[in-house]
Amino acid sequence: PAPGVPSAHAARRTFSLYDMAAITDLAPCLSGKRKSASGFEDPAAGLTPLHSLSISSSDVGSLAISASGEWLAFGAAALGQLLVWEWQSESYVLKQQGHSYDMNALAFSPDGSVVATAADDGKLKLWSTATGFCFATMSDHAAPVTAVVFGPQAGRVVLSASLDGTVRAYDLLRYKNFRTMASPEPAQFSSLAMDASGEVVVAGAMDPFHIFVWALQTGKLLDVLAGHEGPVSCLAFDPAGQLASGSWDKTVKVWNVWRNECLETLSHPADVLCLAIRPDGKQLTAGTLHGQLHIWDPNEGDELGVIDGQRDIAGGRGAADRQTAKSSAARRHFSSVCYSADGSCVLAGGRSRFVCIYETSQLILLKKFQVSHNRSRDGVLDLLDSRLVDANGERLDTMDLDASDDELYDKASETLPGATRADDGSRLRGAGRREITVSGVQFSGSGREWGCATSDGLLLYALEEDLLFSPVGLEGEDVTPGAARECLARRDFARALLMALQLGDGAGGGQGSGRHQHEDSPGALLTEVLEGIPVSDLPLVVRALGGSSSSASSASSGLVVRLVEALAPRLASSRHLDFYLRFSLEVLRAYGPVLKPSLRAATSRGAAGSAGALGRRALQRGSAAHHAAGAQRLRASLVALQKAILRQQKVLLGLCDENDFTLRFLGAQVDQAHAAAAAAGEDG
């Protein structure tokens, strides 16, 4: 669409589906002689259109058709759209759209099941961490959304702040904007926070340099906190209700919101860009423009230590940078920081391709994650290709060589100095040279996963044992499909099954015979190993899988759950019905006494907790959530196994009834024939 024209009024891209069986005249189409009314060659001439689908207001860049030909997938890169359409029923199977422009912030719900993201396109999106799909989009803001936070009321409320001067509260039961809070004078909000009770909402402004305080229930402005001499970049509440605010005036102030009183002022050597408070409220970490993380005791006002992260966060060289990546200070600072659930570590990210995790007591770097390897992004490469630079140091791939000098002057005069977006929101330097940045990092409430909002999208990292390769009992061995087949050939069935389960089932594991799978695919390997075990050895192999059938660790290791998940689809579709029934029976006999109490313990463990520190309780909630997730997965696999057995029972019952009726019919026919023959003999 043209700049300034809303997408709703722009021309939409269409897709036409033609029936190849209804071609009336194929020869003109092949010879290229058939012309359309406009005089151009019409490649679809002679074809009968079945459907014409209006897809998007942006260019459709990719198209795929499923193997069965029932589903059509479309992708529009400009809007981040993914559409899957079933042409027979004329309905969408899947409709997903990401943010049109870069994300600015993210927040986890208290239970960690939902992630909210805010972006420059003025939208607030809710994502499911289980499926990765966006299930709700709020488009009430008229300018980029800069901050988002969940309320403590079981995650039923989410708030967002925007540069349009409003803070909006959304009800996640009805997905409606039920409260809109604004300042008495125009302001652009850059930060947002909510207290632990969920009653007070505060937002920091870029200009004027004030902090506005509202009551969420009424939406009334309660107070205005003044004292900063620069834009308020970050806000955070501690468990006691005290507010910490960071600003570009190189200070962090601790406030008593109820008294409008500044309790403490923490000075820094550079502008404060981000801050976070430990879950117990006894420690504060602030990130500055110099790439340092300052750790404070907010109650005493003492600085506990400084982490110099300039070398850790240093990014690559941009296409327009005049300095090398080693000497440039533009990408050497953190713009977002947060604490882990137990408060022992901090997670920090910024204008770089790296996200760093630090241990706060020892002030050391634990791990560094690289969020993107896309070499077409600015800041990914440390060294640029000199072949793409002219004699004046200008990048050839960013220059419009076909444009005239007047056009280049007009284009440059339309943009403000320092602007990164055009009037229509598009990037000035093109999508191929967009910079890789991390605008927000956040730990989940369970402490088992964290996410980061990047210019490439939303990335989630999880600490789940089920997703990792855990070679239990396979130390010192190469776990490969070839090794599993060698164990199967020498009749070491338990080790072969263990290797196949560790390698995974893969897609298409439901094909019981494995004839339609590639021989090296995980699903085909697992099917081969399962069906290669003799029926007489099933009890020993199943019991050897977990070492000791009486130990709860053997059931909680996940191998038994994986085995049940592998048996359920094969039992539903395989021809070896008796074999898989015997296999399932042996698994339930061996691990049923252990699985049943583990399900009860996992579901009742959620309320467990000590009266210790808040971080320890958060870890206990994370452990309870992990056990509950494992119990849910086990329950789902057992339900799938039960459904497969009931489905096969229904098929067998129908087959038995049909055979019974057929035998009765044949018996009646024989009796009738005998009676007719006997009657004919008497007449003769």
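Summary of the structure given here. Note that the structure is predicted; figures quoted are calculated from it, not measured.

A word on the packing of aromatic side chains. Counted under the stated rule, the structure contains ten aromatic pairs. Arranged with centres 6.1 Å apart and planes meeting at 70 degrees, the rings of Phe 135 and Tyr 175 form a pair that is edge-to-face. Here the residue Phe 135 occupies a position in strand S10 (residues 134-138), and Tyr 175 occupies one in the loop between strand S13 (166-171) and strand S14 (176-182), the gap between them amounting to 40 residues. The class of Phe 135 is partly exposed, set by a relative accessible area of 41%. Residues Trp 450 and Tyr 461 carry aromatic rings whose centres are separated by 4.3 Å and whose planes lie at 10 degrees to one another, so their mutual orientation is stacked. With Trp 450 in strand S32 (residues 449-454) and Tyr 461 in strand S33 (residues 457-462), this residue pair connects regions lying eleven residues apart in the sequence. With a relative accessible area of 6%, Trp 450 lands in the buried category. Classification of Tyr 461 as partly exposed rests on a relative accessible area of 23%. One aromatic cluster is present, formed by Phe 189, Phe 212 and Trp 214 through successive ring pairs. The ring of Tyr 92 has Lys 95 lying over it, and the distance from NZ or CZ to the ring centre is 4.6 Å.

Spatially, the four strands line up as an open sheet ordered S11-S12-S13-S14, and their pairing is antiparallel. One side of each edge strand has no neighbouring strand; the edge strands of this open sheet are strand S11 (145-150) and S14. Strand-to-strand twist in this sheet, taken as the mean axis angle between neighbours without regard to direction, amounts to 20 degrees. When S11 meets strand S12 (residues 157-162), the two strands line up antiparallel, connected through five bridges. Looking at S12, one finds that Val 149 is bridged to Leu 159.

Across the sheet, four strands lie side by side as S3-S4-S5-S6; this open sheet has antiparallel pairing. Sheet topology places strand S3 (62-65) and strand S6 (91-97) at the edges, where each strand pairs with a single neighbour. Across this sheet, the average inter-strand angle for adjacent strands is 10 degrees, counted without regard to direction.

Bridge count for strand S31 (residues 438-443) against S32 is five bridges, and the pairing is antiparallel. Among the inter-strand pairings, Gly 440 is bridged to a residue of S32, identified as Ala 453. Here S31 hands over to S32 after five residues, with Gly 447 in that stretch at a positive phi of 80 degrees.

When you line up the elements, Arg 168 lands in strand S13. The side chain of Arg 168 sits in the buried core without any salt bridge; Asp 164 is the nearest counter-charge, 4.6 Å away. Here Arg 168 is in contact with Asp 140, His 141, Val 158, Leu 159, Ser 160, Asn 177, Arg 179 and Thr 180, once residues within four sequence places are set aside.

Looking now at the pattern of salt bridges. Enumeration over the complete set of coordinates arrives at eleven salt bridges. For Arg 491, the salt bridge goes to Asp 537, with nearest N and O atoms at 3.8 Å. With Arg 491 in the loop between helix H4 (481-489) and helix H5 (493-503) and Asp 537 in the loop between helix H6 (522-531) and helix H7 (538-545), this residue pair connects regions lying 46 residues apart in the sequence. Asp 660 is the salt-bridge partner of Arg 664, the closest N and O atoms lying 3.3 Å from each other. Residue Arg 664 and its partner Asp 660 are located together in helix H11 (residues 614-683), separated by four residues, close to a single helical turn. In this structure Arg 664 comes out as exposed when scored by relative accessible area, which is 57%. One continuous salt-bridge network, built from bridges that share partners, spans Arg 543, Glu 586 and Arg 589.

Here is what the cut-offs are and how they apply
Residues numbered from 1 in each chain as written. Predicted model: local features only at pLDDT ≥ 70, side-chain atom pairs only at ≥ 80, totals over all residues. Heavy atoms only, no water. Phe/Tyr/Trp six-rings, centres within 6.5 Å; stacked < 30°, edge-to-face > 60°. Helix = DSSP H or I, 4+ residues; strand = E, 2+ residues; numbered from the N terminus. Buried < 20%, exposed > 50% of the residue type's maximum accessible area, 1.4 Å probe, protein only. Lys NZ or Arg CZ within 6 Å of the ring centre and 35° of its normal. Pairing = 2+ DSSP bridges. Axes fitted to C-alpha atoms, helices over the stretch in contact; angles between N-to-C directions. Lys, Arg positive; Asp, Glu negative; His and termini not counted. Salt bridge = Lys/Arg side-chain N within 4 Å of Asp/Glu carboxyl O. Contact = heavy atoms within 4.5 Å.

As far as function goes, none of this settles anything; it's purely spatial.
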